[in-house]
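Residues per chain, in single letters:
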Amino acid sequence: KLFPDGDVRVIQAHGRMARGAAEENVASFAEGNYDILLATTVIENGVDIPSVNTILIQNAQAFGMSTLYQLRGRVGRSSLQGFAYFLHKEEAITEQSAMRLQAMADLHELGSGFDVANRDLEIRGAGSLLGTEQSGMAAKVGFDLYMRMLKKSIRQLRGLDLPMVPRTNVLLPDGEGSIEVSAGPDDTDNAFKIPKSYIPDHEERLKEEGAARLAESTTQLVDLTNLWKETYGPLPSSLQSKLKTLHLHACTRQLGIDLVGLDDMGDGQLDCVLRSPGLRLRHWANICKSLPRGVPTKGLDVVFPARFSVTREEFEIKGGKKINLEALAARSNFGDDDDEEWDALDQEEVEAMKEISSAVNVKNLEEVDLEQYPRFVIKNLGAVKVGSRVDILLKALLPASKVVYENQQSDKEKARVAAELREKREMMKKVKKENDAVARRRLGSLD
């Protein structure tokens with residue numbers, strides 16, 4: 001009845017076809033040149049053929065609700081009555097797949113996408129937010145409490161959860177250490193640029209400049225410049241000077257420093273203040289553990305406002321002097337189980353991110369009440385001659401920034417290994433499930 005002439009024209013569409021072939025076949029089917037389109041799930045999105053009113057989905061029990069919903073939506077896109085047939089293998093039906101298919105049967109009204117998503121959430125559970133499991137733990141304890149527990153666990157596992165600054169506003173005299181692009185014809189352009197004589201090709205030069213600006217660490221910058229030396233030859237002295245500034249900015253971003261400038265101490269001495277809104281005593285204690293001999297870098301002092309210390313007094317850690325790390329950790333107001341303390345930490349993080357995002361608009365350190373924020377201090381940097389300040393800043397910040405970067409790389413590697421282990425476990429579960437299904441079918445055939 002469907003094909004009275006007995007001549008059925010069939011065409012295929014799947015992901016293993018040559019480039020553009022699947023699109024051409026779908027277009028040919030849409031034009032009416034064929035009667036049946038035999039396809040994989042590549043057609044679940046972006047296919048709108050009003051003349052098609054029937055779809056048969058084989059092994060429907062193996063698909064998720066989103067895929068089933070999208071495939072069903074390929075038909076019934078005109079005044080013609082649409083029909084969707086979900087074909088499944090009885091022996092392969094699980095409890096969840098049966099619930100998915102039942103949901104497809106129940107939710108067929110126009111605009112039922114939100115209801116489908118809700119039903120899917122009910123079936124699978126709210127989930128393990130950091131993993132692949134759908135355990136539903138969030139539903140058991142409540143979302144707010146679950147998020148608080150999650151944040152607390154992350155903080156306890158990660159001693160160096162410093163918020164990375166996307167951009168540091170350096171306000172030293174004569175634009176030293178700045179990489180800001182000029183805002184107008186009267187402003188000095190301090191943007192990092194590679195000399196045309198070093199990389200003549202315009203597009204290539206722009207590409208390498210972008211790569212240098214986006215480098216997240218001094219290690220990445222060193223690897224990049226070594227590549228330049230191999231490709232383009234020795235670095236010119238003007239480029240070496242500019243690269244030092246980029247190294248400085250890589251260090252300040254790693255250490256959460258959003259503002260750098262000279263502060264008059266009242267006696268004619270100009271100290272360099274480097275504000276780090278997200279820095280906490282626990283961060284500096286963990287960094288110092290990994291520094292040579294556990295001693296903070298000489299010449300780099302750290303000051304914490306009173307509100308970040310259990311003694312409620314401003315606390316200064318001198319660079320180059322041995323410190324009691326246990327006493328330093330105890331002095332921090334981090335680690336208690338008091339919910340109010342954890343809520344306060346959450347609020348502090350929010351405020352820190354606000355300050356970091358607004359730092360780019362600061363034109364002078366006098367606009368900011370520096371005593372309210374954690375900060376690094378390099379004494380009497382104003383007495384150093386212009387052109388040498390970046391070197392001193394870089395020497396002071398580099399050891400600590402390397403510790404932070406190495407810690408982050410270690411965390412990434414642990415996360416990668418954990419993800420691989422989860423994938424292997426899931427694969428083993430899947431293989432076991434398939435083997436069990438095969439065994440059950442064999443037993444059934446013997447009966």
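Read on for a plain summary of the structure. (Residues numbered from 1 in each chain as written. Predicted model: local features only at pLDDT ≥ 70, side-chain atom pairs only at ≥ 80, totals over all residues. Heavy atoms only, no water.)

### Points about the overall build of the chain
Then step 1. Of the regular secondary structure elements, the chain holds 13 helices and 10 strands.
Then step 2. Of all 447 residues assigned to the chain, the portion counted as buried reaches 37%.
Then step 3. Contacts in the chain between residues at least 24 apart in sequence constitute 66% of all its contacts with a sequence separation of at least 6.
Then step 4. For the chain, the accessible area works out to roughly 26800 Å², and carbon and sulfur atoms hold 52% of it. (Helix = DSSP H or I, 4+ residues; strand = E, 2+ residues; numbered from the N terminus. Buried < 20%, exposed > 50% of the residue type's maximum accessible area, 1.4 Å probe, protein only. Contact = heavy atoms within 4.5 Å. Areas by Shrake-Rupley, 256 points an atom, 1.4 Å probe, with all protein chains shown as cover.)

### Quick word on the pattern of salt bridges
Then step 1. Within the structure shown, the criterion is met by 13 salt bridges.
Then step 2. Note that D391 is salt-bridged to K244, the shortest N-O span being 3.2 Å. Taken together, the residues span a long stretch of sequence, with D391 in helix α13 (residues 389–446) and K244 in helix α9 (residues 237–254) at a distance of 147 residues.
Then step 3. What makes D391 partly exposed here is its relative accessible area of 32%. (Salt bridge = Lys/Arg side-chain N within 4 Å of Asp/Glu carboxyl O.)

### Digging into the nonpolar core
Then step 1. Counting residues in each nonpolar core, the largest one holds 35 residues, and the members touching the most others are C272, L274, W284, I287 and F376.
Then step 2. For this core, the elements supplying multiple residues, two or more each, are α9, β6 (259–264), β7 (270–275), α10 (281–290), β8 (301–304), β9 (315–317), β10 (375–378) and α13.
Then step 3. In terms of residues, this core owes the most to one element, α13, which gives eight residues.
Then step 4. Setting aside residues up to four positions removed in sequence, W284 forms contacts with P296, L300, V302, F304, I317, F376 and A400.
Then step 5. Ranked by size, the runner-up nonpolar core spans 23 residues in total, among them F29, I43, I49 and M104. (Core = buried A, V, L, I, M, F, W, Y, C linked by side-chain atoms within 4.5 Å.)

### Overview of the pairing of β6
Looking along a regular strand, one sees side chains alternate from face to face of the sheet.
Then step 1. Pairing between strand β5 (residues 169–170) and β6: two bridges, direction parallel. Bridge assignment links N169 to a residue of β6, and that residue is L259.
Then step 2. Two strands pair when backbone bridges link them, and β6 and β7 are joined in this way by six bridges, in the antiparallel orientation. Counted as the bridge partner of D264 is L270 from β7.
Then step 3. Hairpin geometry of β6 and β7 is characterised by an intervening segment of five residues between the two adjacent antiparallel strands and by a positive phi of about 100° at G266. (Pairing = 2+ DSSP bridges.)

### Some thoughts on the sheet that holds β7
Then step 1. The six strands are arranged β5-β6-β7-β10-β8-β9 in an open sheet whose pairing can be described as mixed. A single partner strand is all that each edge strand has here, and the edge strands are β5 and β9.
Then step 2. Here four bridges tie β7 to β10, and the two strands are oriented antiparallel to one another. The partner of C272 across the bridge, within β10, is I378.

### Notes on helix α3 (residues 95–106)
Then step 1. Taking 1.5 Å of rise per residue, the 12 residues of α3 would be expected to cover 16 Å, and the 16 Å separating its terminal C-alpha atoms lies within 8% of that figure.
Then step 2. Turning to α3, its buried residues are S97, R100, L101, A103 and M104. Buried positions in α3, seen along its axis, are confined to an arc of 155° and lie on one side of it.
Then step 3. Where α3 is buried, its residues contact α2 (65–72), β4 (83–86) and α4 (113–124). (Expected span 1.5 Å × (residues − 1). Arc of directions from axis to C-beta.)

### Considering the packing of α3 against α4
Then step 1. Axis separation between α3 and α4 bottoms out at 11 Å; the angle between their running directions is 160°. When the interaxial angle is binned, α3 and α4 end up roughly antiparallel. Along this stretch, α3 crosses α4, giving a crossing that reads as right-handed. Contacts between α3 and α4 involve Q96, M99, R100, A103, M104 and D106 from the former and V116, R119, I123 and R124 from the latter.
Then step 2. Here the contact of α3 with α4 is composed, by residue class, of five nonpolar, one polar and four charged. (Axes fitted to C-alpha atoms, helices over the stretch in contact; angles between N-to-C directions. Parallel < 35°, antiparallel > 145°, perpendicular 65-115°, else oblique. Left-handed = near helix turned anticlockwise from the far one by under 90°. Nonpolar A, V, L, I, M, F, W, Y, C, P; charged D, E, K, R; others polar.)

### Overview of the packing of aromatic side chains
Then step 1. Counted by the stated rule, this structure contains two aromatic pairs.
Then step 2. Aromatic side chains W284 and F376 sit 5.4 Å apart centroid to centroid with 70° between the ring planes, which places their arrangement in the edge-to-face category. Of this pair, W284 sits in helix α10 while F376 sits in strand β10; the two residues are 92 residues apart in sequence, bridging distant segments of the chain.
Then step 3. Under the relative-accessibility criterion, W284 is labelled buried at 0%.
Then step 4. The aromatic ring of Y373 is capped on one face by R275, whose charged end is 4.6 Å from the ring centroid. (Phe/Tyr/Trp six-rings, centres within 6.5 Å; stacked < 30°, edge-to-face > 60°. Lys NZ or Arg CZ within 6 Å of the ring centre and 35° of its normal.)

### Some details on the pairing of strand β2 (residues 36–39)
Then step 1. Across four bridges, strand β1 (residues 10–13) lies against β2 in parallel orientation. Within the sheet, the bridge partner assigned to Q12 lies in β2 and is L38.
Then step 2. The parallel pair β1 and β2 is bridged by helix α1 (residues 21–30), and the resulting crossover is right-handed. (Right-handed = clockwise from strand over helix to strand, strands pointing away.)

### Points about a nonpolar patch on the surface
Then step 1. A cluster of nonpolar residues, V8, V10, I36 and L38, forms a patch on the protein surface that exposes about 310 Å² of accessible area.
Then step 2. Following the sequence through the fold, V10 ends up in strand β1.
Then step 3. Residue V10 is classed as partly exposed on the basis of its relative accessible area of 45%. (Patch = residues over 30% accessible without salt bridge, like charges linked within 9 Å, V, L, I, M, F, W, Y side chains within 5 Å.)

### A look at the side chain of N169
Then step 1. Counting through the fold element by element, N169 comes out in strand β5.
Then step 2. What N169 contacts, discounting residues up to four positions off in sequence, is D258, L259, V260, A359, V360 and V362.

### Let's talk about empty space enclosed by the protein
Then step 1. Inspection of every chain in the model, using the stated rule, returns one cavity of 30 Å³ or more.
Then step 2. A volume near 50 Å³ is recorded for the largest cavity.
Then step 3. Looking at the largest cavity, the residues that line it are S217, T218, T219, A250, C251, Q254, S401, K402 and Y405.
Then step 4. Secondary-structure elements contributing two or more residues to the lining of the largest cavity are α8 (218–232), α9 and α13.
Then step 5. Class assignment of the residues belonging to the lining of the largest cavity gives a composition of three nonpolar, five polar and one charged. (1 Å grid on protein atoms, 1.4 Å probe; cavity = no way out; pocket = protein on both sides within 12 Å on 5 of 7 lines; lining within 4 Å. Points joined across faces, edges and corners; volume = space filled by probe spheres on them.)

Everything listed is a geometric property; what it means functionally is a separate question.
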